[in-house]
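Examining the three-dimensional arrangement
If you want the building blocks of each chain, they are given just below.
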There are 2 protein chains.
Amino acid sequence: MRILVIGGVAGGMSAAARARRLNEQAEIIVFEKGKYVSFANCGLPYHVGGEIEQDSYLLLHSPASLKAELDLDVRTEHEVISIDREAQSVLVATPDGTETFTYDALVLSPGADAIVPPIPGVDLPQVTHLRTVDEARELAARTADAKRAVVMGAGFIGLETAEAFRHRGLEVTLVELAPQVLPPLAPEMSALVEKELRSHGVDVRTGVAATGIREGGDDAAVTVTLGDGAEVPADIVVMSVGVRPNSALAGEAGLELTDRGAIVVDSLQRTSDPHIWAAGDAIAVRHGVTGQVGPVPLAGPANRQGRRAADSIMGRVDEAQPVLGTAIVRAFGLTAAMTGASPRMLDAAGIDYFVVHTHPGNHAGYFPGSQILHLMGVFSPEGKLLGAQAVGPDGADKRIDVLATALRAGFDVDDIAELELAYAPPFGSAKDPVNMLGFLAQNVLNGTTKVWRFQDLDWARENALLLDVRSEREYAMGHLPEAMNLPHTHIREYIEGVKQLAAGRPVRVLCASGVRSYYAHRVLAQHGLDSATLDGGMFTLVEAVPGLELATGAFQPAHA
Amino acid sequence: MRILVIGGVAGGMSAAARARRLNEQAEIIVFEKGKYVSFANCGLPYHVGGEIEQDSYLLLHSPASLKAELDLDVRTEHEVISIDREAQSVLVATPDGTETFTYDALVLSPGADAIVPPIPGVDLPQVTHLRTVDEARELAARTADAKRAVVMGAGFIGLETAEAFRHRGLEVTLVELAPQVLPPLAPEMSALVEKELRSHGVDVRTGVAATGIREGGDDAAVTVTLGDGAEVPADIVVMSVGVRPNSALAGEAGLELTDRGAIVVDSLQRTSDPHIWAAGDAIAVRHGVTGQVGPVPLAGPANRQGRRAADSIMGRVDEAQPVLGTAIVRAFGLTAAMTGASPRMLDAAGIDYFVVHTHPGNHAGYFPGSQILHLMGVFSPEGKLLGAQAVGPDGADKRIDVLATALRAGFDVDDIAELELAYAPPFGSAKDPVNMLGFLAQNVLNGTTKVWRFQDLDWARENALLLDVRSEREYAMGHLPEAMNLPHTHIREYIEGVKQLAAGRPVRVLCASGVRSYYAHRVLAQHGLDSATLDGGMFTLVEAVPGLELATGAFQPAHA
């Protein structure tokens, strides 16, 4: 039996290694068009930034080590140029000319190609991608002399690259066409990351694209022109605006592709040809929440798809589960992580949902070093978890991993409220942030809590009594100009006054994070007022409403 | 409506607060026999050690703050001395004499009492517990003059207390009757924690109990005598040998108790009296894996039980799920965490299982700071997760939280292998340690991997060819004297030699962690040998077999 694998990184190498462990007799040949196999793709930005000092750390295996360990025949700088499905063979461009190889099973793991925007100057030598070990090495070397860098695209790799350049002391401009960095995040979560980037000196330009790059400029090698007319000088330009499935070979061979060019596979990674399997960034997967089918270029799924392809070739059944898009990125001192569907994805898919925001400590507040964790949950109208996002200096990874597991389990608000997570003061709280998210969503779902949201701000300003129940000191430091102040501990004492001031209007309560306003809201609601508590409190509001103007100073009652 | 709550810490205070949020009109009175309510029980050892500097941090609320925030009537130093179920009233010893209060609903959250071993000297003034804020304060103060401490009991709080005293510079002896520290852990996991304790100067004495304490001794206030005749001088002795449900009041009122004295409740926290609910360390809960019923004194469940009791009183249905016993402790630079059933619990319950051990990095090995995480999974013969334990300097909390969620979901090996967790190099691996545990268990379950275990060592030494497939350097640094060395990358080359040396015997392969021996095992098995790979490798073996003697030096083939 001969197995050919096209692509020697995550999906392809997982398939080859697993195939060997299952079958000692098979001949397994891996073709990789690049110079390296099994390299640490996700580590490239950290080598540029110097955190991973040795480039050798990025090279997890060599053809020699894979031969010795797994008896794999790995051929680098071998590019497969066509597949003859009839003959079950591939034509390969090798350093010594072309050669034909037949196969019993073929695994495609060609990955994705960087999208190159069609603008003038993208072929200048200062413009590069960060997709290969050589590009990482070259960029790391160039940081020694360069002063300014422009990174196009503020997705995961764009952010990591911008941070890498800052570590090297470069001035960095980060350009993103979307109105926010990290487009998969909800805007109010993304705003936290943008602040972190700015506070570490990254010049963030959102809602704008580069229109051209020309040589020379203000003491720099090139000048990048943006759609708003701005000109940004740079010695290095890195393109990180996205990827598309590298499926030309598959398409030319007549394998079924999606409209957008991803390779179609079944739940055992088999393509439309029963002798050909596929894995990784080039294939289409089904999203576990929205059901939408398309590529999800993530390392974890790619590795498991490769492993599954080998299982399938060997006659084992290990059915794929839909992909949740669980992802994470470090941005200086913050971590941003997410799983499942975002509100934007659900809007696009026409799926109903509700959102809750909470801002607990990463661990018990009385234990030193507690830091705020911004956590968002997205639930179906029946209370089923649909997605979650977390941003914070510590503990975001843990909560998103727990919620990714809960999402896979089909958990609802009750299940999440009842999760039994590990608690000791250095690690969490007796009511973990994940439990709190569940409690909150339970309360919203069963009507214990009526919430108002940042989207309702204009309406509330015009039609409601805005009641800020934080302390006088917090209020004085910055509040909505329309809001009156009544600390939550005085709500019962002044309930008649609130009724009088409301004068039949709804009362919209707010505090810092949503806890105290929930307490106050419960009192008001039980006194017959049309009351609601601001989901996520001022923490969420100020991130969700850019440029929100706050007044300062103590509350002055009208009669004073 | 009047609700009385007995006990003003985790369960009781959660019940009172939730009841108020649901019902503004109810009269809610909380009786606490101690001086403080709502204090940070789990923070006490950290105040003793000085990490939580201010004792005020331990006091999360006061009667005044609970009055202002939640209109609760909290009475400290009020001990309920009897319940008249007929009259629906309680008799309370107050600082000003006894008083009777009637109730519509009564919540019992009396907690647990420290077990005091019946040995001479336990009433000496140097002997104390660490259960209250005052005890924590007093211990913190006494560390200024004390030189030596003995901590009785190496459970969670015992470990935290021992660490606290070391932080204060005291000599510490930790005495545990069980043959290991942290008895809920499997011995091979516990051994890692014991090493950490010893490496930080804690004198650990396991398998022995104190038989008496007497005044005076070797330049110390008291001398503790152990069952093995050892005498340990000490200025402070802390008893932390366990707790028992404080259910005397409930028992005298005729409420149903278990054989061992825990209060019986239904899934809505209701006791055998329809007007009385109970929560926290005094109640019996059902274990989610073994089905055994008994107290599980943990803060997380206590809080949720209190909340549920209030829901139930208000007519809401929020059914309890069985308890998994998820727990965690920091021991100097290590974290030990667990969820579900341990092998010992399953043995006691007569439930079949199999165990796998793995030792991955907490995050990608090529990223700086990767540290080993020791992870153990326990599965049913059908592959369902039954429990997990983790020990390591970083990332143990995250993996146990994920596995606690998976356990609640009823996940099996396939589900765990397929979990989609957040990966970027600082946070995890494309194949997360949790996925690896799933892969490993899948392979064992479907026969891809045949394992041998540390329990088989004696058998293997006598009956098998022991094949150590680590590098020559690793082998030379320490190996089983009977083991021959053949690095895994040479296994195919010397396959005939292995067959010859095996001479019909089984081959039992081992390496450091179990990865390379798995690769070698697959080669040997496919060449027709009765081969098996050591579960958990040398890492697990050396912890599981205390005093295991290793030889050093290069392998000398018999014919050399």
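On a predicted model such as this, the values are computed, not experimentally measured, just so you know. (Residues numbered from 1 in each chain as written. Chains lettered and ligands numbered in written order. Predicted model: local features only at pLDDT ≥ 70, side-chain atom pairs only at ≥ 80, totals over all residues. Heavy atoms only, no water.)

The subject of this paragraph is the overall build of chain A. Secondary structure summary: chain A contains 17 helices and 30 strands in total. For chain A, the C-alpha radius of gyration of 27 Å lies close to 24 Å, the compact-globule estimate for 560 residues. A principal-axis box enclosing the C-alpha atoms of chain A has dimensions of 90 × 60 × 45 Å. Considering chain A as a whole, with its 560 residues, one finds that 60% of them fall into the buried category. Here chain A has roughly 20700 Å² of accessible surface; of this, 50% comes from carbon and sulfur atoms. For chain A, the separation between the mean place of its 46 positive charges and that of its 70 negative charges on side chains is 4 Å. (Helix = DSSP H or I, 4+ residues; strand = E, 2+ residues; numbered from the N terminus. Rg over C-alpha atoms; globule rule 2.2 N^0.38 Å. Buried < 20%, exposed > 50% of the residue type's maximum accessible area, 1.4 Å probe, protein only. Areas by Shrake-Rupley, 256 points an atom, 1.4 Å probe, with all protein chains shown as cover. Lys, Arg positive; Asp, Glu negative; His and termini not counted. Charge placed at Lys NZ, Arg CZ, Asp CG, Glu CD.)

As a further point, take the pattern of salt bridges. Where charged atoms from two side chains of opposite charge approach closely, those side chains can pair. All names here are of chain B. For the structure shown, the criterion picks out 62 salt bridges over all chains. One salt bridge in this structure joins Asp311 and Arg18, with 2.8 Å as the shortest N-O distance. In this pair, Asp311 sits in helix α8 (residues 299–313) while Arg18 sits in helix α1 (residues 10–22), placing the two residues 293 residues apart along the sequence. Comparing Asp311 with Arg18, the two get one shared label, buried. (Salt bridge = Lys/Arg side-chain N within 4 Å of Asp/Glu carboxyl O.)

For the rest of this paragraph, the subject is the interface of chain B and chain A. Where the parts come together, the accessible area they lose is often given as the size of the interface. With 85 residues of chain B at the interface, the matching set in chain A holds 85 residues. Of the roughly 7400 Å² buried between chain B and chain A on both sides combined, carbon and sulfur atoms contribute 54%. Counting the contacts that link chain B with chain A gives 12 salt bridges. In this structure, Lys398(A) engages Asp401(B) in a salt bridge whose closest nitrogen and oxygen atoms are separated by 3.9 Å. At the boundary of chain B and chain A, one finds 45 residue pairs in polar contact (both at pLDDT 80 or more). Contributing elements (two or more residues each) for the side of chain B that touches chain A: α1, α3 (63–70), α8, β21 (327–331), α10 (396–408), α11 (413–417), α12 (433–445) and α16 (515–526) of chain B. Classifying every residue of the side of chain B that touches chain A gives 41 nonpolar, 20 polar and 24 charged. (Contact = heavy atoms within 4.5 Å. Buried area = accessible area lost by both parts, 1.4 Å probe. Polar contact = N/O pair within 3.5 Å; in protein donor to acceptor, adjacent residues only side chain to side chain. Nonpolar A, V, L, I, M, F, W, Y, C, P; charged D, E, K, R; others polar.)

Okay, the sheet that holds strand β13 (residues 210–215) of chain B next. All names here are of chain B. Pairing is antiparallel across the open sheet formed by three strands, whose spatial order is β13-β14-β15. The open sheet terminates on both sides in strands that have one partner only, identified here as β13 and β15 (231–234). Across the sheet, the axes of successive neighbouring strands diverge by a mean angle of 25 degrees, strand direction being ignored. Relative to β15, strand β14 (residues 222–226) is paired through four bridges, and the arrangement is antiparallel. In the sheet register, Thr223 faces β15, and the bridge partner there is Pro233. (Pairing = 2+ DSSP bridges. Axes fitted to C-alpha atoms, helices over the stretch in contact; angles between N-to-C directions.)

Splitting chain A by domain gives domain 1 (2–112 + 244–313), domain 2 (127–241), domain 3 (333–445) and domain 4 (451–544). Summarising the inter-unit geometry, the C-alpha centres of domain 1 of chain A and domain 4 of chain A are found 56 Å apart. (Domains from an automatic or database assignment.)

Residues and elements named next belong to chain B. The alternating pattern of strand β16 (residues 236–239) places Ile236 and Val238 on one face and Val237 and Met239 on the opposite face, and all of these are buried. By the bridge criterion, two bridges tie strand β9 (residues 127–128) to β16 in an arrangement that is parallel. Looking at β16, one finds that Thr128 is bridged to Val238. Relative to β16, strand β10 (residues 148–152) runs parallel, the two being bridged by four bridges. Looking across to β16, one finds that Val150 is bridged to Val237.

A few words now on the side chain of Thr405(A). Relative to the assigned elements, Thr405(A) resides in helix α10 (residues 396–408). Its relative accessible area of 0% is what places Thr405(A) among the buried residues. A distance of 2.8 Å separates the side chain of Thr405(A) from the backbone oxygen of Asp401(A), its partner in a polar contact. When neighbours within four sequence positions are excluded, Thr405(A) is seen to be in contact with Val402(B), Thr405(B), Ala406(B), Phe411(B), Leu419(B) and Leu421(B).

This paragraph deals with the relation of the copies chain B and chain A. When chain B is brought onto chain A, the operation consists of a screw motion whose angular component is 180 degrees and whose axial shift is 0.0 Å, with 0.0 Å RMSD remaining. Here the copies are linked by what is in effect a two-fold axis. Mapped onto chain A, 100% of the interface residues of chain B again fall at the interface, so both copies present the same surface. (Least-squares fit on C-alpha atoms with pLDDT ≥ 70 in both.)

Another aspect to go through is the environment of Arg142(A). All names here are of chain A. If you trace the backbone, Arg142 turns up in helix α4 (residues 133–142). When the C-alpha atoms of Arg142 and Glu188 are compared, they prove to be 35 Å apart, with 46 residues separating the residues in sequence. Apart from residues no more than four positions distant in its own chain, Arg142 is found in contact with Pro125, Gln126, Thr128, Asp235 and Ile236. A polar contact of 3.2 Å, which involves the side chain of Arg142, links it to the backbone oxygen of Gln126. Within the local environment of Arg142, its side chain forms a polar contact with the backbone oxygen of Asp235, the two atoms lying 3.3 Å apart.

Residues and elements named next belong to chain A. Across the sheet, which stays open at both edges, the three strands sit in the order β13-β14-β15 with antiparallel pairing between neighbours. A strand with exactly one partner marks an edge of an open sheet, and here the two such strands are β13 (210–215) and β15 (231–234). Neighbour-to-neighbour, the strand axes of the sheet open up by a mean angle of 25 degrees, direction not taken into account.

With that settled, consider the environment of Gln25(A). All names here are of chain A. Here Gln25 lies in the loop between α1 (10–22) and β2 (27–32). The class for Gln25 is exposed, based on a relative accessible area of 58%. Put simply, Gln25 and Leu421 are 396 residues apart on the chain and 46 Å apart in space, counted from C-alpha to C-alpha.

Residues and elements named next belong to chain B. Close contact between α10 and α12 brings their axes to 9 Å; oriented N to C, the two are set at 55 degrees. One element, α10, and the other, α12, form an angle in the oblique class. Counting all contacts with α10, which are made through Arg399, Val402 and Leu403, the residues of α12 involved are Pro433, Val434 and Leu437. (Parallel < 35°, antiparallel > 145°, perpendicular 65-115°, else oblique.)

Along the chain, Gly514(A) turns up in the loop between β29 (507–510) and α16 (515–526). Counting along the chain gives 63 residues from Gly514(A) to Val451(A), while the straight-line C-alpha distance between them is 9.5 Å.

On to the confidence of the model for chain A. Within chain A, residue pLDDT values average 96, and 99% of them lie at 70 or more. Among the prediction metrics, the complex's ipTM stands at 0.97, with pTM recorded as 0.97. (pLDDT = per-residue confidence, 0-100.)

The terminal C-alpha atoms of helix α6 (residues 187–199) of chain A lie 18 Å apart, and with 13 residues this matches the ideal 18 Å at 1.5 Å per residue to within 8%. Positioned one or two residues after α6(A), Gly201(A) has a phi angle of 85 degrees, which is positive. (Expected span 1.5 Å × (residues − 1).)

Residue and element names in this part refer to chain A. Here α10 is 13 residues long and its end C-alpha atoms lie 18 Å apart, about the 18 Å a rise of 1.5 Å per residue gives. In terms of burial, α10 is a largely internal element, 13 of the 13 residues being buried. The positive-phi residue at the C-terminal boundary of α10 is Gly410, with phi of around 75 degrees.

It is worth spelling out the pairing of strand β12 (residues 202–206) of chain B at this point. On a regular strand, each side chain points to the face opposite its neighbour's, so the side chains alternate between the two faces of the sheet. Residues and elements named next belong to chain B. Judged from the five bridges that link them, strand β11 (residues 171–176) and β12 form a sheet pairing that is parallel. Bridge pairing links Leu174 to Val204 in β12. Taken together, β11, helix α6 (residues 187–199) and β12 constitute a β-α-β crossover, and its handedness is right-handed. (Right-handed = clockwise from strand over helix to strand, strands pointing away.)

Residues and elements named next belong to chain B. In this structure, Glu194 sits in helix α6. Overall, the relative accessible area of 16% leaves Glu194 in the buried class. In terms of polar contacts, Glu194 uses its side chain to reach the side chain of Arg198, at 2.7 Å. Setting aside residues up to four positions removed in sequence, Glu194 forms contacts with Val181, Val204 and Thr206.

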